Amino acid sequence: MSRILLGVNIDHIATLRQVRGTNYPDPVHAAAVAEHAGADGITIHLREDRRHIIDRDVYLLAKTLKTRMNFECAVTEEMLAIACEVKPTYVCLVPEKREELTTEGGLDVAGQKDKIRAAVERLAAQGILVSLFIDADKAQIDAAKEVGAPYIEIHTGRYAEAHSEAEAAAELERIASMAKYAHGLGITVNAGHGLHYHNVKPIAAIPELYELNIGHAIVARAAIDGLEKAVRDMKQLMLEGRRGE
Ligand SMILES: CC(=O)[C@@H](O)[C@H](O)COP(=O)(O)O
Ligand SMILES: NCC(=O)COP(=O)(O)O
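Residues numbered from 1 in each chain as written. Chains lettered and ligands numbered in written order. Predicted model: local features only at pLDDT ≥ 70, side-chain atom pairs only at ≥ 80, totals over all residues. Heavy atoms only, no water.

This part takes up the site of ligand 1. Contacts to ligand 1 come from Asn-9, Asp-11, His-12, His-45, Arg-47, His-52, Glu-72, Val-94, Thr-102, Thr-103, Phe-133 and His-193. Note that an oxygen atom of ligand 1 is positioned 3.4 Å from one of the side-chain N or O atoms of Asn-9. In this structure, an oxygen atom belonging to ligand 1 sits 2.4 Å away from a side-chain N or O atom of Thr-102. For ligand 1, whose unbound accessible area comes to 340 Å², protein coverage reaches 94%. (Near = heavy atom within 4 Å. Polar contact = N/O pair within 3.5 Å; in protein donor to acceptor, adjacent residues only side chain to side chain. Areas by Shrake-Rupley, 256 points an atom, 1.4 Å probe, with all protein chains shown as cover.)

With that settled, consider helix α6 (residues 138-146). For α6, the full list of buried residues reads Gln-140, Ile-141, Ala-143 and Ala-144. All buried residues of α6 project into a common sector of 160° when viewed along the axis, lining one side. For α6, the capping residue at the N-terminal end is Asp-137, with a side-chain oxygen 3.1 Å from the backbone nitrogen of Ala-139. Phi turns positive one or two residues past the end of α6, at Gly-148, with a value near 90°. (Buried < 20%, exposed > 50% of the residue type's maximum accessible area, 1.4 Å probe, protein only. Helix = DSSP H or I, 4+ residues; strand = E, 2+ residues; numbered from the N terminus. Arc of directions from axis to C-beta.)

Here we take up the packing of helix α2 (residues 27-36) against helix α3 (residues 55-64). Contact geometry of α2 with α3 gives a least axis separation of 9 Å together with a crossing angle of 35°. Once α2 is placed against α3, the crossing between them reads as right-handed. The segment α2 lies against α3, with Pro-27, Val-28 and Ala-31 engaging Arg-56, Asp-57, Leu-60, Leu-61 and Thr-64. Across the contact of α2 with α3, the residue classes break down as five nonpolar, one polar and two charged. (Axes fitted to C-alpha atoms, helices over the stretch in contact; angles between N-to-C directions. Left-handed = near helix turned anticlockwise from the far one by under 90°. Contact = heavy atoms within 4.5 Å. Nonpolar A, V, L, I, M, F, W, Y, C, P; charged D, E, K, R; others polar.)

Attention now goes to the sheet that holds strand β3 (residues 69-73). Ordered by their spatial adjacency, eight strands build a closed barrel running β1-β2-β3-β4-β5-β6-β7-β8, and the pairing between neighbours is parallel. In this sheet, neighbouring strand axes are inclined to one another by 25° on average, regardless of whether the strands run parallel or antiparallel. Relative to strand β2 (residues 41-45), strand β1 (residues 5-9) is paired through three bridges, and the arrangement is parallel. Looking at β2, one finds that Gly-7 is bridged to Gly-41. Helix α8 (residues 165-184) contacts β6 (151-155), β7 (188-192) and β8 (209-214) of the sheet and is inclined by roughly 170° relative to β6. (Pairing = 2+ DSSP bridges.)

Coordinates in, geometry out; function isn't part of it.
Quick look at the structure:
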């Protein structure tokens, strides 16, 4: 049985901070906790609108991570320049729409090969391993190969959001067959988006997958699992305050 790795996406630790304009919770701290718990890597998505991860996080994480950074970004001059300066282990190029709640689909590599090839070459020249976040689609995989990307990340959003078991099974089959196809072309295949505690096992069973990137569900689980201690700690401090301690 081959190993499958977990990249923990900490974007939504930063969401909690940004929503109040506080300096906590700190994604840098969260990354250290995730690494201590066994994360194989840390994923962050620096959105153009800086709605969660901000530049400061990227630069600090580059210094503090003990595993490796998977830096997700749109294919823009601003983001490519940051990536080339930070030099994370991985850059995953993703599509981005300003108004979306989260990433809605894969990058159209086939429709903009010259632009993506130039980005891949520019990042690779800095020693960065480039991944393309794409749908489980043969034309997109062929295009990823053509532009020289050594990695792809298959978008699992449609599987995660399936409205029926039959739809989920069909999506799973598509992801599995496209993972096999891409792997056969010599591409290292990751997957992610919308994976959670009840849908991850069938995806993790796909033998060609190297790594899963999971964020929202892990942060949500942490909020519930950590709540009991958080409430106890607050009550204890209130008691100490009342006692004049
Ligand atoms: C590219 C991808 O699937 C995820 O990283 C997703 O884009 C995360 O972005 P949000 O955390 O803003 O939803
Ligand atoms: N690339 C997918 C990712 O990093 C995590 O996505 P999600 O688990 O937050 O949906």
